[in-house]
Amino acid sequence: MDRILITGALGQLGSALQKVFYDKGVFVIATDIRDCPKDIECQYEKLDALCQDDLLNIVKKYEINVIYHLVAILSAKGEKNPFRSWKINMETFQNIIDVSIKCKIKKIFWPSSIAVFGKGSNLKYVPQNTFMDPTTVYGVSKLAGEKLINYYFDKYKLDIRSIRFPGIISMGIKPGGGVTDYIIEMLHASKKGEDYTCFLDKDKRLPMVYMEDAISAIISIMSVERSKLSISSSYNILGFTTTPEEFQLAIKSNGFNIAVNYKADYRQKIANTWPENLDDNLAKKDWGWSPKFGLDETIKVALSLQ
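As the structure is a prediction and not an experimental result, all values here were calculated from the model.

Hey, could you run me through the packing of helix H2 (residues 52-61) against helix H4 (residues 82-103) in this one?
Axis angle and axis distance: for two packed helices, these are the angle between their axes and the distance between the axes, and together they describe the pair. Relative orientation of the contacting elements H2 and H4 amounts to 40°, with a least axis distance of 10 Å. As the angle between them shows, H2 and H4 are arranged oblique. Seen from above, H2 lies across H4 with right-handed handedness. Contacts between H2 and H4 involve Gln52, Leu55, Leu56, Val59 and Lys60 from the first element and Asn95, Ile96, Asp98, Val99, Lys102 and Cys103 from the second. Class assignment of the residues belonging to the contact of H2 with H4 gives a composition of six nonpolar, two polar and three charged.

And the structure:
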């Protein structure tokens, strides 16, 4: 049986994932650098993933055999302190690898990002395998991680599985400093009846995925036999694409009369190096990726949540 450790469990993705495992009755230890929140249901350990000894002790203490490593500083936030971002994104990943080899961890999930791409990646429609020239330290660290996944699989047969996530939409946790955070901010503003100032141009198209689909993708790729995976780096996935203006209009069509001002900031420059659309056919073929939430479905369920 799986005995799961989640690092970065209080973030956007980790909060949803640990709840899914807990509700299914799977043994899961949630860890993060913050003190234990009062409303968490599963077992929790405070952990700085930069401290390899503490990480090793938790893995041994709970006889962990599967790790979901979600610790990261995201794209826009990462540019404010690139040296710190590289340290957290890469050294924690290396600690996970070292501990996984020592403790014979059977599977690891590590999320990558569309930030690995750049202007040389045919941004109108990015294939699974393409030229990558990231422009943020977040993207550079994710690309380095993808290369290391290949390396550790070849050298140690370490089973690390990964998805290149587009913008993830959820209403439960505040955005963590990403370039696609405008969508979540716009949804919250519309529910409060407030005007919103968007930090991207109204016609900037980016790929997105709703949280429920993101969690489904993780569970699917981690459940499939390793032999079915044709690559040992990271898979593209896509829920839908949208622009801020299209998203605003879709919100209005659902009965929320939101006024949006557009005032692009430094995040626009980052967004200009990210894909408008993605080829995710390999994920569909290899492990059955199939999103349920398009633009309309996402807005309907997001606006109905309290």
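Anyway, onward from the coordinates.
Hey, could you run me through the sheet that holds strand S11 (residues 206-210) in this one?
Strands in a sheet are paired, the pairing made by backbone hydrogen bonds, and the direction either parallel or antiparallel. Taken in spatial order, the three strands of this open sheet run S9-S11-S13, and their pairing is mixed. The sheet terminates laterally at strand S9 (167-169) and strand S13 (240-242), the two strands that pair on one side only. Taken pair by pair, the neighbouring strands of this sheet meet at an average axis angle of 45°, ignoring direction. Alignment of S9 against S11, held across three bridges, turns out to be parallel. Note on S11: the bridge partner recorded for Gly167 is Met208. Helix-sheet contacts for helix H6 (residues 182-192) involve S9, S11 and S13, and the interaxial angle to S9 is about 25°.

Explanation requested: the sheet that holds strand S1 (residues 3-7) in the structure shown.
If you trace the six strands from one edge of the open sheet to the other, you get S3-S2-S1-S4-S5-S7, paired in parallel fashion. The two strands at the open ends of the sheet, each matched to only one other strand, are strand S3 (43-46) and strand S7 (160-161). Across four bridges, S1 lies against strand S2 (residues 27-32) in parallel orientation. Note on S2: the bridge partner recorded for Ile4 is Val28.

Calculation notes
Residues numbered from 1 in each chain as written. Predicted model: local features only at pLDDT ≥ 70, side-chain atom pairs only at ≥ 80, totals over all residues. Heavy atoms only, no water. Axes fitted to C-alpha atoms, helices over the stretch in contact; angles between N-to-C directions. Helix = DSSP H or I, 4+ residues; strand = E, 2+ residues; numbered from the N terminus. Parallel < 35°, antiparallel > 145°, perpendicular 65-115°, else oblique. Left-handed = near helix turned anticlockwise from the far one by under 90°. Contact = heavy atoms within 4.5 Å. Nonpolar A, V, L, I, M, F, W, Y, C, P; charged D, E, K, R; others polar. Pairing = 2+ DSSP bridges.

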